[in-house]
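# Overview (structure and organization)
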Amino acid sequence: MSTKDFVHSLGVDNVTTSFLDDMNKLPLVISPRFDDSLEFLSRWLVVNRSWVEEQMLAYGAVLIRGFQIDTAPEFERAISSLQPNLCDSYRGTSPRSVFEDTKYTFSAADVPANYPIGQHVEMAFLKYPPRQLYFGCLQESKLSGGETSLCDFRKVYQELDPSVRQKFETKKVQYHRKHPKVGEKWTFDVGAMLSWHQMFGTSDKQEVEAICQEEDAAKVKWIGPNNDTFFQEWTDEATQLHPVTNEKVWFNHAQVFHWSTFPAELWYAFIRMRDIRFLFRCILLSITAVIKYCLLGHRMALDIRFGDGSPISVSEMNQVRKVVHKNMVFSTWERGDIMCIDNFSTSHGRQPTYDFGRKILVAWSNPHDKTLSCTSSTADNKNEQLNDNLKKCCDMLFDDACVPGAIEATPNSSPGSTLSSEEAQDLKEFIIHQGRQEGTAKGTVHKRHTSCPSPSLNSIFP
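On a predicted model such as this, the values are computed, not experimentally measured, just so you know.

Calculation notes
Residues numbered from 1 in each chain as written. Predicted model: local features only at pLDDT ≥ 70, side-chain atom pairs only at ≥ 80, totals over all residues. Heavy atoms only, no water. Helix = DSSP H or I, 4+ residues; strand = E, 2+ residues; numbered from the N terminus. Buried < 20%, exposed > 50% of the residue type's maximum accessible area, 1.4 Å probe, protein only. Contact = heavy atoms within 4.5 Å. Areas by Shrake-Rupley, 256 points an atom, 1.4 Å probe, with all protein chains shown as cover. Salt bridge = Lys/Arg side-chain N within 4 Å of Asp/Glu carboxyl O. Pairing = 2+ DSSP bridges.

Looking only at helices and strands, the chain features 17 helices and 18 strands. By residue count, 50% of the 462 residues in the chain fall in the buried class. Sequence-distant contacts in the chain: of pairs separated by 6 or more residues, those separated by 24 or more amount to 77%. Only carbon and sulfur atoms are counted for the fraction: they give 53% of the accessible area of the chain, which is about 22,800 Å².

Here it is in structure tokens:
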């Protein structure tokens, strides 16, 4: 290939890959090698869609940086090239508004920029969260803060204190969701800012109930003096298995919905940025939260407890937050950035800033039924059962009565086999010999009688 052809090709070698620092592999950064135009990026993403998704799967997130993306429609064009199945249905917690001349691009959060948003996987509390999430930057923060922080929730699951993790997995979590008819403005409870009118795009209660039923969500109740406040309550798993890698993932909204989150995140922001304004707000809101939620017994608009209704203590939440913040990555936004996130492994959050000109947008893929992947607690039970069944299967496999059946299927009869007939025969005889030898060594060779039924796959792997 000539130099000219190479420059205009759409191969993976026509971009550069790197990391933000040598200590952390989250996220992988993709930058232009020659052509930084939106036209090239869009065509390149179509051709290399599978490769980019593989990197998202491996690293948790991919940061596309250095291309000419200046508007929301340009962002949507690039994202649509990577993910043609975008979704405009939003059942999350933060108020959002769609950008002009786009269908799938929204403001990341219509809440004041100096409000921190704790780490979470998008819509983890729903049955159908999106598989991928895409953030973009039209205007970066000129002051400290404002990063969209990332955290590998697989590491959080692994590093969390086993007793705390087991308590969450055993008891599960209970969500309370409440949205007013008109969103509140002067509150630090972000969930109360979002009205059910805005969330569902309608003021018709029956239509809201029908939407929730169609989405297999919890039953809707109407509470309050005028029965015009939206309310749901349900129990969910605290952890999840990744739908592709089968890794265990911390998968709940405790870091966002617990009443202690807002002042705690302000404290972490002060420690990191040393902005005294965050410390003052932390002290003030800590006092307010203790009075409101501990002494007066109020609950957050979006509230989380253990599945049995018992409260999650501040001490338990602090242990979760400690592990989350230990694994957090802060990437300072640059204009034109696109952050592509695997929503089933990697969380995001927002660091507070006093730069109110910051403009971040977001899009997301079609929802994925998380119940299709076994939950962690269910998987443990299935793995134990599977191990027992495999042991039974292996014992039967070395039974003399089972050998003739095994001999009929020779290794070289498999379409993918690279063995010759002679090699296959040698391998077959070796396996049979080893099986008989092992049984003889144990002195427990079992002869299965004819009356003993042969195991079926359904009985071995129910």
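Here the focus is the pattern of salt bridges. Taken as a whole and assessed by the stated rule, the structure comprises 21 salt bridges. Across the salt bridge formed by K103 and D88, the nearest N and O atoms sit 3.1 Å from each other. With a gap of 15 residues between them, K103 in the loop between β4 (86-87) and β5 (106-107) and D88 in the loop between β4 and β5 connect regions that are remote in the sequence. Residue class for D88 comes out partly exposed when judged on its relative accessible area of 39%. With its nearest N and O atoms 3.6 Å apart, the salt bridge here joins D303 to R305. Look at D303 and you get buried, because its relative accessible area is 6%. Of the residues examined, R305 reaches a relative accessible area of 25% and is grouped as partly exposed. It is possible to trace a salt-bridge network through shared partners that takes in R65, E334 and D337.

Take the pairing of strand β1 (residues 15-21) next. As judged from the six bridges shared by β1 and strand β2 (residues 24-32), these two strands associate in the antiparallel manner. When the sheet's bridge partners are listed, T16 is paired in β2 with S31. Taken together, β1 and the strand that follows it, β2, pair antiparallel across an intervening segment of two residues.

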